[in-house]
Each structure stands twice: as C-alpha cells, then as structure tokens.
Amino acid sequence: MFDYELHQFRTAELAAQAAHHGLVREALKAAKTRRALGREAAEARLTAERTRPTTHRADRYSRAA
C-alpha cells in the first residue's frame, strides 16, 4: 500500500509540474506576441509619418520677383 501512495503522490507532483510548465510556456508566448504587436504598431506609425503628405504648398516653389 505504501508504494501505491508514493506512486500517487509522485503522479500528482508530475502533473502539477506539467501544468506549471504549460502556464509558463503560455505566458512566454503571450509576451512574445505582445512584443511583436508593439513592433508592428511602431512600424505602422513610422510608415504613416513617412507617407503623410506635406501641407505646406506655399513653400514648394520660390516666389516670382
């Protein structure tokens, strides 16, 4: 009976470790996804700034004398 109880305890311990490992893996994956989304948003902002048309049309040509 003692061996059976040790086996049950060890099985429960391994299951808890596996669950913890799965949660850690899930958290790391979520953090990686957040970083990737942050990079994509930053790239989109830079692209929008580069492609924004200038509103200063008066400065485009020099004045005629």
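Residues numbered from 1 in each chain as written. Predicted model: local features only at pLDDT ≥ 70, side-chain atom pairs only at ≥ 80, totals over all residues. Heavy atoms only, no water.

### Here we look at the overall build of the protein
Next up, step 1: A tally of regular secondary structure across the protein gives 1 helix and 0 strands.
Next up, step 2: The buried share among the 65 residues of the protein stands at 2%.
Next up, step 3: Within the structure as shown, the protein displays about 6600 Å² of accessible surface, and the carbon and sulfur contribution to it stands at 60%. (Helix = DSSP H or I, 4+ residues; strand = E, 2+ residues; numbered from the N terminus. Buried < 20%, exposed > 50% of the residue type's maximum accessible area, 1.4 Å probe, protein only. Areas by Shrake-Rupley, 256 points an atom, 1.4 Å probe, with all protein chains shown as cover.)

### Digging into a positive patch on the surface
Next up, step 1: Taken together, the side chains of Lys32, Arg34, Arg35 and Arg39 present a region of like positive charge at the surface.
Next up, step 2: Mapped onto the elements of the fold, Arg34 is located in helix H1 (residues 2-51). (Patch = residues over 30% accessible without salt bridge, like charges linked within 9 Å, V, L, I, M, F, W, Y side chains within 5 Å. Salt bridge = Lys/Arg side-chain N within 4 Å of Asp/Glu carboxyl O. Lys, Arg positive; Asp, Glu negative; His and termini not counted. Charge placed at Lys NZ, Arg CZ, Asp CG, Glu CD.)

### A word on the pattern of salt bridges
Next up, step 1: Evaluated as defined, the whole model comprises 1 salt bridge.
Next up, step 2: The partner of Glu13 in a salt bridge is Arg10, with the nearest N and O atoms 3.4 Å apart. Linking Glu13 with Arg10, this pair stays in helix H1, spanning 3 residues, or about one helical turn.
Next up, step 3: Among the residues examined, Arg10 registers a relative accessible area of 41% and is labelled partly exposed.

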